[in-house]
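Listed here are the chains, written in short residue letters.
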Amino acid sequence: EMRIFDFQRYHLSRQLPTIIEGLMTHKCFHTGRGNFFTIRVLDEEGNKIEYEIYFTASKASAGGVINLYVQSAYARDAMHRTNRPRTDPKPIGFAIILHNILHKVPIKIPE
């Protein structure tokens with residue numbers, strides 16, 4: 001597959017480690033498709049943008065460890081306006097996501 005290199009997406013992706021480390025303080029949303037997303041609103045220059053990060057989490061074979069996989073991350077722009085999952089249901093805390101995955105408790109999809 002061939003794609004055009006997106007410099008903005010690349011520069012924003014460099015913030016992912018810091019964003020992931022701070023997920024406990026951000027609102028997360030269930031997509032309804034088995035994964036979650038969160039939204040950041042500032043780019044590297046401090047401009048307001050919507051940077052969406054889609055991820056999934058699973059229990060690792062080692063006790064008390066969670067695998068977190070970032071599936072996609074991009075700035076919401078005119079090309080991606082209509083395909084965002086809803087954010088109007090109640091957000092789910094990242095701590096709840098982790099707790100439920102560790103204890104094999106299903107995570108309810110908000111209606």
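Residues numbered from 1 in each chain as written. Predicted model: local features only at pLDDT ≥ 70, side-chain atom pairs only at ≥ 80, totals over all residues. Heavy atoms only, no water.

Caption draft 1: Representation of the side chain of Thr38 within the structure. Assignment of secondary structure puts Thr38 in strand β2 (residues 36-42). Reaching out from Thr38, the side chain makes a polar contact with the backbone oxygen of Lys27 at a distance of 2.7 Å. In this structure, Thr38 is in contact with Leu23, His26, Lys27, Cys28, Tyr51, Glu52, Ile53 and Phe55, ignoring residues within four places of it in sequence. (Helix = DSSP H or I, 4+ residues; strand = E, 2+ residues; numbered from the N terminus. Polar contact = N/O pair within 3.5 Å; in protein donor to acceptor, adjacent residues only side chain to side chain. Contact = heavy atoms within 4.5 Å.)

Caption draft 2: Region of interest: the side chain of Arg76. Within the secondary structure, Arg76 is located in the loop between β4 (66-75) and β5 (92-93). Among the polar contacts made by the side chain of Arg76, one reaches the side chain of Glu52 at a distance of 2.6 Å.

Caption draft 3: Representation of the pattern of salt bridges in the model. Scanning the model with the defined rule gives two salt bridges in all. Among the salt bridges present, the one from Glu52 reaches Arg76, with a minimum N-O distance of 2.6 Å. Of the two residues, Glu52 sits in strand β3 (residues 48-59) while Arg76 sits in the loop between β4 and β5, which places them 24 residues apart along the sequence. The exposure classification of Glu52 matches that of Arg76, with both residues buried. (Salt bridge = Lys/Arg side-chain N within 4 Å of Asp/Glu carboxyl O. Buried < 20%, exposed > 50% of the residue type's maximum accessible area, 1.4 Å probe, protein only.)

Caption draft 4: Focus on helix α3 (residues 94-102). Of the residues making up α3, those classed as buried are Phe94, Ile97, Leu98, Asn100 and Ile101. Mapping the buried residues of α3 onto a view down its axis gives an arc of 170°, with all of them on the same face. In the stretch just after α3, Lys104 is the one whose phi turns positive, near 55°. (Arc of directions from axis to C-beta.)

Caption draft 5: Here's a closer look at the nonpolar core. Leu23, Cys28, Phe36, Phe55, Ala57, Ile92, Phe94, Ile97, Leu98, Ile101 and Ile107 form the largest nonpolar core, which has 11 residues in total. For this core, the elements supplying multiple residues, two or more each, are β3 and α3. Looking at which element gives the most residues to this core, the answer is α3, with four residues. (Core = buried A, V, L, I, M, F, W, Y, C linked by side-chain atoms within 4.5 Å.)

Caption draft 6: Structural detail: the pairing of β3. As paired elements, β3 and β4 share nine bridges and run antiparallel to each other. Across the sheet, residue Tyr51 finds its bridge partner in β4, namely Ala75. Hairpin connection from β3 to β4: six residues lie between these consecutive antiparallel strands, with Gly64 at a positive phi of about 70°. (Pairing = 2+ DSSP bridges.)

Caption draft 7: Summary view of a nonpolar patch on the surface. A cluster of nonpolar side chains, Phe5, Phe7 and Tyr10, forms an exposed patch at the surface whose accessible area comes to about 360 Å². Residue placement: Phe5 occurs in the segment before α1 (7-13). (Patch = residues over 30% accessible without salt bridge, like charges linked within 9 Å, V, L, I, M, F, W, Y side chains within 5 Å. Areas by Shrake-Rupley, 256 points an atom, 1.4 Å probe, with all protein chains shown as cover.)

Caption draft 8: Representation of the packing of aromatic side chains within the structure. Tallied over the full model, the rule gives seven aromatic pairs. Taking the centre distance of 4.8 Å and the plane angle of 75° together, the rings of Phe5 and Phe7 count as edge-to-face. Like Phe5, the residue Phe7 is exposed in the burial classification. Aromatic pair Phe5 and Tyr10: ring centres 5.8 Å apart, planes at 45°, arrangement tilted. (Phe/Tyr/Trp six-rings, centres within 6.5 Å; stacked < 30°, edge-to-face > 60°.)

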